[in-house]
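# Coordinate inspection notes
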Amino acid sequence: QVQLVESGGGLVQAGGSLRLSCAASGRTVRPIAMGWFRQAPGKERELVAAINWSGDSTYYTDSVKGRFTISRDNAKSTVYLQMNTLKPEDTAVYYCAASETSLATIVARNVMDYWGKGTLVTVSL
């Protein structure tokens, strides 16, 4: 089992930045890929960014390319989401998730094995 705890959410003005962190604990059978999802009010949950175990392959949804950066520090069992140039439409609950499958499978199926409880990001005008 893997436990995931997000932090770093909050209120920020449009154009500002936030960095989300996700601390993982527990054990998995296989190396895990990680992802950040978000769900805005009245909308479906969407995959925002994902990263493979070694950190050398990433995925971003089109709306955040060039603004968000996902990274990981395996020594600290932590994944980060650096969010720059934030827009009001980025407002959502952001969830950290982990998968024992590949990055490609995460992107194709959006099916994860473990989920955090989420952290709220609110971007004001």
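Refer to the structure above for everything that follows.
The structure displayed is predicted, hence computed values, not measured ones. (Residues numbered from 1 in each chain as written. Predicted model: local features only at pLDDT ≥ 70, side-chain atom pairs only at ≥ 80, totals over all residues. Heavy atoms only, no water.)

When its secondary structure is counted, the protein chain shows one helix and 11 strands. Each helix and strand of the protein chain, placed in order from N terminus to C terminus, yields the pattern β-β-β-β-β-β-β-β-β-α-β-β. Taking 14 Å as the expected radius of gyration for a compact globule of 125 residues, we find that the protein chain reaches 13 Å, a close match to that expectation. In terms of overall dimensions, the protein chain has a C-alpha envelope of 45 × 25 × 25 Å along the principal axes. Out of the 125 residues belonging to the protein chain, those deemed buried represent 42%. Looking at the protein chain alone, contacts between residues at least 24 apart form 57% of all its contacts between residues at least 6 apart. Within the protein chain, the 10 negative side-chain charges are centred at a point lying 3 Å from the centre of the 13 positive side-chain charges. (Helix = DSSP H or I, 4+ residues; strand = E, 2+ residues; numbered from the N terminus. Rg over C-alpha atoms; globule rule 2.2 N^0.38 Å. Buried < 20%, exposed > 50% of the residue type's maximum accessible area, 1.4 Å probe, protein only. Contact = heavy atoms within 4.5 Å. Lys, Arg positive; Asp, Glu negative; His and termini not counted. Charge placed at Lys NZ, Arg CZ, Asp CG, Glu CD.)

So, on to the nonpolar core. Membership of the largest hydrophobic core comes to 28 residues, with the highest contact counts inside it found for Met-34, Trp-36, Leu-81, Met-83 and Tyr-94. Elements that contribute at least two residues to this core include exactly strand 1 (2–7), strand 3 (18–26), strand 4 (33–39), strand 5 (46–51), strand 7 (68–73), strand 8 (78–83), strand 9 (92–99) and strand 11 (119–124). Counting residues in each nonpolar core, the second largest holds nine residues, with Leu-47, Tyr-95, Leu-103 and Met-112 among its members. (Core = buried A, V, L, I, M, F, W, Y, C linked by side-chain atoms within 4.5 Å.)

Pairing is antiparallel across the open sheet formed by four strands, whose spatial order is 1-3-8-7. Edge strands, defined here as strands with exactly one partner in the open sheet, are strand 1 and strand 7. Along the sheet, successive strands turn relative to each other by an average axial angle of 15 degrees, direction set aside. (Pairing = 2+ DSSP bridges. Axes fitted to C-alpha atoms, helices over the stretch in contact; angles between N-to-C directions.)

The description of two aromatic rings rests on the distance between their centres and on the angle between their planes. Evaluated as defined, the whole model comprises one aromatic pair. Here the aromatic rings of Phe-37 and Trp-115 are separated by 4.8 Å at their centres, their planes lie at 55 degrees, and the arrangement is tilted. One end of the pair, Phe-37, is in strand 4; the other, Trp-115, is in strand 10 (residues 114–115), with 78 residues separating them in the sequence. By relative accessible area, which is 31% here, Trp-115 ends up partly exposed. Residue placement shows Arg-45 over the ring face of Trp-115; its charged tip is 4.0 Å from the ring centre. (Phe/Tyr/Trp six-rings, centres within 6.5 Å; stacked < 30°, edge-to-face > 60°. Lys NZ or Arg CZ within 6 Å of the ring centre and 35° of its normal.)

Overall, the coordinates contain four salt bridges when judged by the stated rule. One salt bridge in this structure joins Asp-90 and Arg-38, with 2.9 Å as the shortest N-O distance. Taken as a pair, Asp-90 in the loop between strand 8 and strand 9 and Arg-38 in strand 4 lie far apart in primary sequence, 52 residues in all. When the shortest N-O distance is used, the salt bridge between Arg-67 and Asp-90 registers 2.7 Å. Of the two residues, Arg-67 sits in the loop between strand 6 (58–60) and strand 7 while Asp-90 sits in the loop between strand 8 and strand 9, which places them 23 residues apart along the sequence. Exposure remark for Asp-90: the relative accessible area of 1% places this residue in the buried category. Through salt bridges with shared partners, a single ionic network connects Arg-38, Glu-46, Arg-67 and Asp-90. (Salt bridge = Lys/Arg side-chain N within 4 Å of Asp/Glu carboxyl O.)

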